Amino acid sequence: MRPLSFNRGVLLFDGVCNLCNGFINFIIDHDEARYFRFGTLQREPARSFLRSEGYDPEVLDSVVLVENGRLYRESTAALRVFRKLGMPWALLSVFQAVPRPLRDAVYRRIAANRYDWFGTRNQCRLPTPELQALFIDDTDTPDGASRA
């Protein structure tokens, strides 16, 4: 069993959410360094990992970034992802200057309406064989990251 850290970022996302899947496709297309790995919040090991960190795995209201042994959620997770994608996307990290409660309020509003605004899929995303290595699977395990 492998831990979720992998010395790269692991992004956990709602696998049936069209907005979330679009975000993952965007990251895959722009992550030239292949820094990120991905997993759906509906499957193990993400569910076990979230339980080990004190989060309810039934609540699928945020992307979760696990990076350098820390867990990031909501707007902070998204902005950290953009920073890792390099220019011009790293410029979006300027929004880190906006107070987190305000950023997260906007994030939560979008998250609460994402199914109505963007729709859902009948099942979680299944990666193509070419992208399979970027996705975590049932052999990956939690590594006890700390929350941020």
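These figures come from a predicted structure and were not determined experimentally.

Draft legend 1. Summary view of the overall build of the chain. The helix and strand inventory of the chain stands at four helices and seven strands. In sequence order, the chain lays out its α and β elements as β-β-α-β-α-β-β-α-α-β-β. Looking at the chain residue by residue over its 148 residues, the buried ones come to 45%. Counting every atom, the chain has about 7800 Å² of accessible surface; 55% of that belongs to carbon and sulfur.

Draft legend 2. A look at the nonpolar core. In this structure, Leu11, Ile27 and Phe38 are the most contacted members of the largest nonpolar core, which totals 24 residues. For this core, the secondary structure elements donating two or more residues are strand 2 (9–13), helix 1 (18–30), strand 3 (36–40), helix 3 (74–84) and helix 4 (100–118). Considering each element in turn, this core owes the most residues, five residues, to helix 1. Leaving out residues up to four positions away in the same chain, Ile27 has contacts with Leu11, Phe36, Phe38, Val81 and Leu85. With 10 residues, the next largest nonpolar core counts Leu41, Phe49, Val66 and Leu71 among its residues.

Draft legend 3. Region of the structure containing the environment of Pro127. Within the fold, Pro127 resides in the loop between helix 4 and strand 6 (140–141). Along the primary structure Pro127 and Phe38 are separated by 89 residues, whereas in three dimensions their C-alpha atoms are 9.9 Å apart. Setting aside residues up to four positions removed in sequence, Pro127 forms contacts with Gln132 and Phe135.

Draft legend 4. Quick peek at the pattern of salt bridges. For the structure on display, the rule yields four salt bridges. Between Arg114 and Asp14 there is a salt bridge, with its nearest N and O atoms 2.7 Å apart. With Arg114 in helix 4 and Asp14 in the loop between strand 2 and helix 1, this pair connects stretches of sequence that are 100 residues apart. Residue classification places Arg114 among the buried residues on the basis of a relative accessible area of 9%. Put simply, Arg80 and Glu67 hold a salt bridge, and the shortest N to O gap is 2.9 Å.

Draft legend 5. Region of the structure containing the packing of aromatic side chains. Scanning the entire structure with this criterion turns up five aromatic pairs. Geometrically, the ring pair formed by Phe26 and Phe82 is edge-to-face, given 6.1 Å between the ring centres and 65° between the ring planes. Of this pair, Phe26 sits in helix 1 while Phe82 is found in helix 3, placing the two residues 56 residues apart along the sequence. Under the relative-accessibility criterion, Phe26 is labelled partly exposed at 22%. Taking the centre distance of 4.9 Å and the plane angle of 85° together, the rings of Tyr35 and Phe36 count as edge-to-face. By relative accessible area, which is 15% here, Tyr35 ends up buried.

Draft legend 6. The side chain of Arg80, seen in detail. With respect to the helices and strands, Arg80 occurs in helix 3. What makes Arg80 buried here is its relative accessible area of 15%. Not counting chain neighbours up to four residues away, the residues in contact with Arg80 comprise Leu65, Glu67, Tyr72 and Gln96.

Draft legend 7. Up close: a nonpolar patch on the surface. Nonpolar side chains collect at one region of the surface, where Leu102, Val106, Ile110, Trp117 and Phe118 lie side by side and expose about 490 Å² of accessible area between them. Mapped onto the secondary structure, Phe118 falls in helix 4. Given the relative accessible area of 41%, Phe118 is considered partly exposed.

What counts as what
- Residues numbered from 1 in each chain as written.
- Predicted model: local features only at pLDDT ≥ 70, side-chain atom pairs only at ≥ 80, totals over all residues.
- Heavy atoms only, no water.
- Helix = DSSP H or I, 4+ residues; strand = E, 2+ residues; numbered from the N terminus.
- Buried < 20%, exposed > 50% of the residue type's maximum accessible area, 1.4 Å probe, protein only.
- Areas by Shrake-Rupley, 256 points an atom, 1.4 Å probe, with all protein chains shown as cover.
- Core = buried A, V, L, I, M, F, W, Y, C linked by side-chain atoms within 4.5 Å.
- Contact = heavy atoms within 4.5 Å.
- Salt bridge = Lys/Arg side-chain N within 4 Å of Asp/Glu carboxyl O.
- Phe/Tyr/Trp six-rings, centres within 6.5 Å; stacked < 30°, edge-to-face > 60°.
- Patch = residues over 30% accessible without salt bridge, like charges linked within 9 Å, V, L, I, M, F, W, Y side chains within 5 Å.

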